[in-house]
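# Chains, contacts and geometry: an overview
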Amino acid sequence: MRILVVDDDRSLVRALRKGLEAERFAVDVALTGADGLWQATEHSYDAIVLDVMLPGMNGYTVCARLREAGNWAPILMLTAKDGELDEAEALDTGADDFLSKPFSYVVLMARLRALMRRGARERPVVLTAGDLRLDPASHRTWRGEVPVDLTPRQFSLLELLMRRPGEVLSKQEILGHVWDFAFAGDPNIVEVYVRQLRLRIDEPFGRSALQTVRLVGYRLDPDGG
């Protein structure tokens, strides 16, 4: 089994390499994001251990570019940061798991073994609704050939609607999927995000795909002209 470790902390890299080789893994090392991206592109790996804070090109960018290129080797992302937003960004850019520094080597090995048992996953299908396209893998959206920039929450809302085209989704259903079931804020936040989406995917293009069904909820009409 072959593993790529991408981290600029030389002492950590030496320790990981020694431990992984003792477990009979073949280990390659990269100290920069650019070198890690090149090695992961040129060679096949059973798993990649990827640090977020790298010189030149950070781990999020490396991960996103690999996924955009169709490379779905399992990625365990390491970060010195600790917080929901950093963990969410790791997963949103295509990582399979994350581990905050400092971490237990035993836990790292357990997570690596779990990732390798699952193997490389397939690239998610690009969703389409008329000329609207959404790529879950690269976290990108287009109307026709025009890229549409969305925040992570706007992207999640649009992805939910595009996975269920033509269906009317209530505010509570949207909150449960895009926020979470424990959300205790104002449910009218959904209206705010629906309006933001319309300003990005519909109004600049003279479309009305994102529709309000009064007293019921919202739906995405693929043929909304």
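Residues numbered from 1 in each chain as written. Predicted model: local features only at pLDDT ≥ 70, side-chain atom pairs only at ≥ 80, totals over all residues. Heavy atoms only, no water.

## Digging into the UniProt feature "modified residue: 4-aspartylphosphate" (unreviewed entry) in the protein
UniProt feature "modified residue: 4-aspartylphosphate" (unreviewed entry): in the numbering of this structure it lies at Asp51. Topologically, Asp51 is positioned in strand β3 (residues 47-51). For Asp51, a relative accessible area of 3% puts it in the buried group. Beyond its immediate chain neighbours, meaning those up to four positions away, Asp51 contacts Val6, Asp7, Asp8, Gly59, Leu78, Thr79 and Lys101. (UniProt positions renumbered as here; feature names shortened; annotations may be inferred. Helix = DSSP H or I, 4+ residues; strand = E, 2+ residues; numbered from the N terminus. Buried < 20%, exposed > 50% of the residue type's maximum accessible area, 1.4 Å probe, protein only. Contact = heavy atoms within 4.5 Å.)

## Some thoughts on the packing of aromatic side chains
In this structure the tally under the stated criterion is zero aromatic pairs. Positioned above the aromatic ring of Trp142 is the side chain of Arg133, whose terminal nitrogen or guanidinium carbon lies 4.6 Å from the ring centre. (Phe/Tyr/Trp six-rings, centres within 6.5 Å; stacked < 30°, edge-to-face > 60°. Lys NZ or Arg CZ within 6 Å of the ring centre and 35° of its normal.)

## A short note on the side chain of Gln154
Positionally, Gln154 belongs in helix α6 (residues 152-163). Polar side-chain contacts of Gln154 include one of 3.4 Å to the side chain of Arg200. If we ignore the near neighbours within four places in the chain, the residues touching Gln154 are Asp149, Tyr193, Gln196, Leu197 and Arg200. (Polar contact = N/O pair within 3.5 Å; in protein donor to acceptor, adjacent residues only side chain to side chain.)

## Describing the packing of helix α1 (residues 10-22) against helix α5 (residues 105-118)
Between α1 and α5, the least distance of the axes is 12 Å, while the angle of their chain directions is 55°. Classified by the angle their axes make, α1 and α5 are oblique. Handedness of the crossing formed by α1 with α5: right-handed. Packed against α1, whose contacting residues are Leu16, Gly19 and Leu20, the element α5 presents Tyr105, Leu108, Met109 and Leu112 at the interface. Residues belonging to the contact of α1 with α5 are distributed by class as follows: six nonpolar, one polar and no charged. (Axes fitted to C-alpha atoms, helices over the stretch in contact; angles between N-to-C directions. Parallel < 35°, antiparallel > 145°, perpendicular 65-115°, else oblique. Left-handed = near helix turned anticlockwise from the far one by under 90°. Nonpolar A, V, L, I, M, F, W, Y, C, P; charged D, E, K, R; others polar.)

## Quick word on the sheet that holds strand β5 (residues 97-100)
Ordered by their spatial adjacency, five strands build an open sheet running β2-β1-β3-β4-β5, and the pairing between neighbours is parallel. Of all strands in the sheet, those bounded by a partner on one side alone are β2 (26-30) and β5. This sheet shows a mean twist of 20° between the axes of neighbouring strands, independent of strand direction. The pairing of strand β1 (residues 2-6) with β2 spans five bridges and is classified as parallel. Of the residues in β2, the one forming a bridge with Val5 is Val29. Across the face of the sheet, helix α2 (residues 33-42) comes into contact with β1, β2 and β3 while running at roughly 140° to β2. Sitting on the sheet, helix α3 (residues 59-68) touches β3 and β4 (75-79), and the angle it makes with β4 is about 165°. (Pairing = 2+ DSSP bridges.)

## Some points on α5
With 14 residues, α5 ought to run about 20 Å at 1.5 Å a step, and its terminal C-alpha atoms sit 20 Å apart, in line with that. Among all positions in α5, only Leu108, Met109, Leu112, Leu115 and Met116 are buried. The arc enclosing the buried residues of α5, seen along the axis, measures out at 125°, which places them on a common side. Away from the buried face of α5 by more than 90 degrees, exposed residues Val106, Arg117 and Arg118 are located. The inward-facing, buried residues of α5 contact β1, α1, β3, β4 and β5. Two to three positions downstream of the cap, the backbone nitrogen of Val106 sits 3.2 Å from a side-chain oxygen, assigning the N-cap of α5 to Ser104. (Expected span 1.5 Å × (residues − 1). Arc of directions from axis to C-beta.)

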